[in-house]
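# Tertiary structure, described
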2 protein chains.
Amino acid sequence: MQTLKVELANRSYPIYIGRSLISNADLILPHLKRKHVAIVTNTTVAPLYLETLSNALQSAGVKVIPIILPDGEAYKNSETLNLIYDALLQNRCERSTTLIALGGGVIGDLTGYAAATYLRGVPFIQIPTTLLSQVDSSVGGKTGINHPLGKNMIGAFYQPQLVLADIDTLQTLPAREFSAGMAEVIKYGLIRDAEFFDWLEVHIEQLMALDEQAITEAIYRSCKNKADVVARDEHETGERALLNLGHTFGHAIENAMGYGVWLHGEAVGAGTMMAADLSQRMGWLTDTEVVRIRQLLTAAKLPLDAPKLGAEKYLNLMQLDKKVADGKIRLVLQQAIGKSVITSDYDAEKLKETLSLSSM
Amino acid sequence: MQTLKVELANRSYPIYIGRSLISNADLILPHLKRKHVAIVTNTTVAPLYLETLSNALQSAGVKVIPIILPDGEAYKNSETLNLIYDALLQNRCERSTTLIALGGGVIGDLTGYAAATYLRGVPFIQIPTTLLSQVDSSVGGKTGINHPLGKNMIGAFYQPQLVLADIDTLQTLPAREFSAGMAEVIKYGLIRDAEFFDWLEVHIEQLMALDEQAITEAIYRSCKNKADVVARDEHETGERALLNLGHTFGHAIENAMGYGVWLHGEAVGAGTMMAADLSQRMGWLTDTEVVRIRQLLTAAKLPLDAPKLGAEKYLNLMQLDKKVADGKIRLVLQQAIGKSVITSDYDAEKLKETLSLSSM
C-alpha cells in the first residue's frame, strides 16, 4: 500500500492506494466522528463491494445505512441528489454521520455534494472504484451535479476526510472505462510531468494488463500531480485550470451527444487530441510530439475521433463551459509534452479549423 | 448611515445600515468583479424596489438580469432554487457575475445558496428588506433551502461581499412581519447582552413607531452581537448555537403547522417563551425575569401562545432538528436575561410539562 498526503491550507487528508483496502475497516475507523455511516453506491457496484465494506464496518460496531442509486452519468442530477437527502433524513442522519462514496466519479461527485450541503456540511470518505475516479475526482474537492443546460454547473468545493483507492476494483471494471481513466492519467504527463509521460510510454502494456506495481505507481503519480496543483490553487483561480486539458472540448462533446453516450474520459481523450491539434497549428507542438500523444492514447484504446458537430456548434457549447472569462473562451493548450498553458491568445481561425475536423 | 465590519477568519465584509441605500450604486460598485449582476427578488418586493436598484446600477453601466420568484417560505425549496439556476444558465452568467439578494430571509437564503453552488461558487450581495433578515439572516453566512422532512436541511455556509440594510424598506413591511423581526432583536438581548435588553425595554415604543435613530441602533446592535458570535464560531461547532434560542421549539411549530402559516419570527418568539418557561421550571429564571420577557414580546405585538400539539409530537419534531447530538435534544435555555446556555442537562419531565401547555 502506498500513502499520499494531500496538503491543503485548512485541511489535509490521506489517500491510500493498494489492494484489499475495502475490507480493511481499520483504515476508516480513525476518521469517523461516531460509528454511524451512510454508504452511497449504485446498482452496479453494490453487488460487487457493498457487502464487503458493510461487513467490515459492522464488525467494528459501525451502524451502516446503505443508499443504492441508479448507475450512470444520466443520474448525476438534482433528482438523484434528492434521493440521497431523503434517505439521510428518513434515517435521521446527523452532523456526525459520515457519508461514504463507494463507486465511480458520478457517485463521488453526488455524494461529495450531498455531504457538502446536507445540514450545511457533514464529513465524507471517498472509495473510488474506477480508474478515472481514483486518479481524478477523488483529489481536489470538486463535487456537484449536472444541469440540463450544462455539466457540473451546480456544485461545491468540499474535501473528503480520506480516500481509499482499492486497485482490486479495477479487475471488475469494463475495459472501456479503464481506458477512459487512462485519458486522465496521460493528461498529468502532458500538462506538467514529461518524465511521467515517458514512463507511461514504457509501461503502457503493463498498465493495460493491470499489473499491480505499474497501476499503483500510475495512480500514485497521477494523484501526486493533481494534489500538487490543487494544494497551490484550491478554488481554481489560476493554475488549477491546467487540469482541464481536453475538458472544454470534451464537455462540448458530452453535452452535444447526451450525457453518458461518450464516457467522460473518452471525451477528454478526444478533447486532448483537439487541444494537441490546435497547439500544432499554432506551431507550439512539433509533429513528432503530436504523434507521440496519439500513439499513447491509441495504446490506451481510446477513441480519438471527435464527433463532427461543426465549428459553430462546438463554439456555442464551449462558451457554456466555466472556463470562459468575460465572454472569451480560454483553453488549455500544449507548449510541449509536459508543459500546458491556459490561454485565450490563440488564432480563432485555427480553432475553427480544429473544430471543423471530425478526425484529428 | 452606520457601518459594521464583520470579521471572519478568511474573509470580512461590511454591513451598511441607513436610509436610501438601495438607490446608492456607489456602495455596490467597489464590490463587483465585473459590471454584471443578477438580482434575485420576489413578486412582492419587485414592484417596490427592483426598479430603483436596477436603475441605479444600470446608470453606472452595470448589466442587470432580474430573477423574480414567487413570494413565501413555501417556495424556499429545490424547485425554486432550480428557477434561479435556470435563469443564470440561460443568461450565461459566469463566475464573475454577482448575485444580489433583494428581499427577506427566504430570498437571502435561496440566493446565498444559489451563489454558493452555481459554478461551485459566485460572489453575492445581500440587500435584506425585512427587519428579520436585516438583523438575522444577513449575518453569519447560513444559506439553504427546506426539505419536506425539515427546515433548512440543505444548505451551505457562504459569506456575502456586502450587506445593505436599507431601513426605508421597513416602511412597506407589514406590521406582522416587523413584529416577527423584533423577536430576533429581543433574542440578542436575551442570550448575551442584558444592557441591550434594558435598552429595548426603554425604546420599544419608538421602535414600533419606526423611529429612524432607534431602528438603526437596534439593527446595528443586533448585527454586532451576531457578528461577534459568528466571528468566533463560523461553522456552528459551539457558541454559535446560542443564536438558536427559541429555534428548536420554533422549528417544530413551523414544521407542524406547515411552513408559512406561522412566520419564522413568530415561531421563534413563541419558542423563546417556551425556553423561558422551561428555564423557570428548572429554577434558572426568576418569575420577574419571565414577566419582563413576556412583556417585551407582548409590546412587540408577538403571539406568545404556541399551538397545542402535545408533548409527544413536539419531541418527535424537535428530534429532527440539527441541534441533536447523538440522539439527545440539546436546547438553548436561559440562566438569566443576557445569559443563555446550550444544554442537554435539563429535567425531561419538566420539558414535557412545558410542551404540554398551549399557553405559557
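Cut-off values and rules
- Residues numbered from 1 in each chain as written.
- Chains lettered and ligands numbered in written order.
- Predicted model: local features only at pLDDT ≥ 70, side-chain atom pairs only at ≥ 80, totals over all residues.
- Heavy atoms only, no water.
- UniProt positions renumbered as here; feature names shortened; annotations may be inferred.
- Buried < 20%, exposed > 50% of the residue type's maximum accessible area, 1.4 Å probe, protein only.
- Helix = DSSP H or I, 4+ residues; strand = E, 2+ residues; numbered from the N terminus.
- Pairing = 2+ DSSP bridges.
- Least-squares fit on C-alpha atoms with pLDDT ≥ 70 in both.
- Contact = heavy atoms within 4.5 Å.
- Axes fitted to C-alpha atoms, helices over the stretch in contact; angles between N-to-C directions.
- Phe/Tyr/Trp six-rings, centres within 6.5 Å; stacked < 30°, edge-to-face > 60°.
- Lys NZ or Arg CZ within 6 Å of the ring centre and 35° of its normal.
- Buried area = accessible area lost by both parts, 1.4 Å probe.
- Salt bridge = Lys/Arg side-chain N within 4 Å of Asp/Glu carboxyl O.
- Polar contact = N/O pair within 3.5 Å; in protein donor to acceptor, adjacent residues only side chain to side chain.
- Expected span 1.5 Å × (residues − 1).
- Arc of directions from axis to C-beta.
- Domains from an automatic or database assignment.
- Nonpolar A, V, L, I, M, F, W, Y, C, P; charged D, E, K, R; others polar.

An unreviewed UniProt entry annotates chain A as 3-dehydroquinate synthase originating from Methylotenera oryzisoli. According to the UniProt record, the Catalytic activity (unreviewed entry) comment for chain A reads "7-phospho-2-dehydro-3-deoxy-D-arabino-heptonate = 3-dehydroquinate + phosphate".

## Overview of the pairing of strand S9 (residues 162-166) of chain B
Residues and elements named next belong to chain B. For S9, a buried count of five out of five residues is recorded, marking the element as mostly surrounded by other parts of the structure. Judged by which residues are buried, S9 turns out to be covered on both faces: Leu162, Leu164 and Asp166 on one side and Val163 and Ala165 on the other are all buried. Across four bridges, strand S2 (residues 13-18) lies against S9 in parallel orientation. Residue pairing in the sheet places Tyr16 in a bridge with Leu164 of S9. With two bridges joining them, strand S6 (residues 124-128) and S9 adopt parallel strand pairing.

## A short note on the relation of the copies chain A and chain B
By a simple turn and slide, chain A fits onto chain B: the slide is 0.0 Å along the axis, the RMSD is 0.0 Å, and the turn is 180°. Given the turn and translation reported, the copies of this chain are related as if by a two-fold rotation axis. Taken together, the interface assignments show that 100% of the residues at the interface of chain A recur at the interface of chain B, consistent with an identical surface on both copies.

## As for the sheet that holds strand S4 (residues 63-69) of chain B
All names here are of chain B. Taken in spatial order, the seven strands line up as S1-S2-S9-S6-S5-S3-S4 in an open sheet, and their pairing is mixed. Of all the strands in the sheet, just strand S1 (2-6) and S4 have a single pairing partner and so form its edges. Pairwise comparison of adjacent strand axes, ignoring direction, gives a mean angle of 15° for this sheet. As judged from the four bridges shared by strand S3 (residues 36-42) and strand S5 (residues 98-103), these two strands associate in the parallel manner. By the bridge assignment for S5, Val40 is matched with Ala101. In this fold helix H1 (residues 46-59) packs onto S3, S4, S5 and S6, with an angle of close to 170° to the strand it touches most, S3. Its contacts with the sheet put helix H2 (residues 78-90) on S3, S4 and S5, and the angle it makes with S4 is roughly 155°.

## Quick word on the packing of aromatic side chains
A full pass over the atoms with the stated rule returns four aromatic pairs over all chains. With centroids separated by 6.1 Å and ring planes inclined at 20°, the aromatic side chains of B:Phe124 and B:Tyr158 adopt a geometry described as stacked. Residue B:Phe124 is located in strand S6, and its partner B:Tyr158 is located in the loop between strand S8 (150-157) and S9; the two are separated by 34 residues in the primary sequence. Positioned over the ring face of B:Phe157 is A:Arg120, at 6.0 Å from the centre of the ring.

## Overview of unusual backbone geometry
All names here are of chain A. Despite not being glycine, Leu119 has its phi angle at roughly 55°, a positive value. Within the fold, Leu119 resides in the loop between helix H3 (105-117) and strand S6 (124-128). The phi angle at Lys301 is positive, at roughly 60°, despite the residue not being glycine. Tracing the backbone through its elements, the reader meets Lys301 in the loop between helix H10 (287-299) and helix H11 (311-319).

## Focus: the environment of A:Leu170
Mapped onto the elements of the fold, A:Leu170 is located in the loop between strand S9 (162-166) and helix H5 (175-192). Once residues within four sequence positions are removed from consideration, A:Leu170 is found in contact with A:Thr129, A:Thr130, A:Leu131, A:Gln134, A:Phe178, A:Leu210, A:Ile215 and A:Ile219.

## Brief notes about the interface of chain A and chain B
Taken together, the contact between chain A and chain B spans 36 residues of the former and 36 residues of the latter. Counting the surface lost from both chain A and chain B, the interface buries some 3,100 Å², and carbon and sulfur atoms represent 52% of this. Of all residues in chain A, the largest losses of buried area upon contact with chain B belong to A:Leu89, A:Arg92 and A:Arg120, amounting jointly to 24% of the total for that side. Taken together, chain A and chain B are joined by zero salt bridges. Here chain A and chain B share 10 residue pairs in polar contact (both at pLDDT 80 or more) between them. Mapped by element, the contributors of at least two residues to the side of chain A that touches chain B are helix H2 (78-90), H3, strand S7 (142-147), strand S8 (150-157), H11 and strand S10 (324-325) of chain A.

## Re the pairing of S7(A)
Burial of S7(A) is extensive: five of the six residues sit out of reach of the surface. Two successive antiparallel strands, S7(A) and S8(A), enclose a turn made up of two residues.

## Section: the pattern of salt bridges
Residue and element names in this part refer to chain A. As enumerated under the stated definition, the model contains 40 salt bridges over all chains in all. Across the pair Lys151 and Glu254 runs a salt bridge whose closest N-O atoms are separated by 3.4 Å. Taken together, the residues span a long stretch of sequence, with Lys151 in strand S8 and Glu254 in helix H8 (residues 247-257) at a distance of 103 residues. As far as the burial class goes, Lys151 and Glu254 line up, both buried. Among the ionic contacts, a cluster of salt bridges with common partners joins Arg19, Asp168 and Glu212.

## Comments concerning the sheet that holds S9(A)
Residue and element names in this part refer to chain A. Read across the open sheet, the seven strands follow the order S1-S2-S9-S6-S5-S3-S4; overall the sheet is mixed. In this open sheet, the two strands that pair with only one neighbour each are strand S1 (2-6) and strand S4 (63-69). Strand after strand, the sheet turns through a mean of 15° between neighbouring axes, direction not considered. The sheet contact formed by strand S3 (residues 36-42) and S4 spans seven bridges and is parallel.

## Observations regarding the UniProt feature "binding site: Zn(2+)" (unreviewed entry) in chain A
Residue and element names in this part refer to chain A. Listed under "binding site: Zn(2+)" (unreviewed entry) in the UniProt record, and renumbered for this structure, are Glu184, His247 and His264. A maximum C-alpha distance of 10.1 Å places the annotated residues, which cover 81 residues in sequence, within one compact spot. Along the chain, Glu184 turns up in helix H5. Owing to a relative accessible area of 0%, Glu184 belongs among the buried residues under this scheme. With residues near it in sequence (within four places) discarded, Glu184 still touches Leu132, Val135, Asp136, His247, His264 and Val268. Along the chain, the position of His264 falls in helix H9 (residues 264-281). The exposure class of His264 is buried, given its relative accessible area of 15%. The contacts of His264, once residues within four sequence positions are left out, are Leu132, Lys151, Glu184, His247, His251 and Glu254. A polar contact of 3.5 Å, which involves the side chain of His264, links it to the side chain of Glu184.

## Here we look at H1(B)
Residue and element names in this part refer to chain B. For H1, which comprises 14 residues, the first-to-last C-alpha distance of 19 Å matches the rise-based estimate of 20 Å (1.5 Å per residue) to within 8%. For H1, the full list of buried residues reads Ala46, Tyr49, Leu50, Leu53, Ser54, Ala56 and Leu57. Buried residues in H1, looked at end-on, bunch into an arc of 165°, giving them a common side. In H1, those exposed residues whose orientation departs by more than 90 degrees from the buried face are Pro47, Glu51 and Ser59.

## Details of H5(A)
The first and last C-alpha atoms of H5(A) sit 27 Å apart over 18 residues, in line with the 26 Å expected at 1.5 Å per residue. Taken across its 18 residues, H5(A) has 14 buried, putting it largely inside the fold.

## Observations concerning the domain arrangement of chain A
Residues and elements named next belong to chain A. Examined at the domain level, chain A breaks down into domain 1 (2-172) and domain 2 (176-356). When each unit is reduced to the centre of its C-alpha atoms, the spacing between domain 1 and domain 2 is 26 Å. With 33 residues of domain 1 in contact, the opposing surface of domain 2 contributes 37 residues. A buried area of about 3,100 Å², summed over both sides, lies between domain 1 and domain 2, and 66% of it is on carbon and sulfur atoms. Interface area lost by domain 1 to domain 2 is led by Leu131, Val135 and Lys151, which between them contribute 19%. The interface formed by domain 1 and domain 2 includes three salt bridges. In this structure, the connection of domain 1 to domain 2 is made through five residue pairs in polar contact (both at pLDDT 80 or more). Taken together, the residues that form the side of domain 1 that touches domain 2 break down as 14 nonpolar, 13 polar and six charged.

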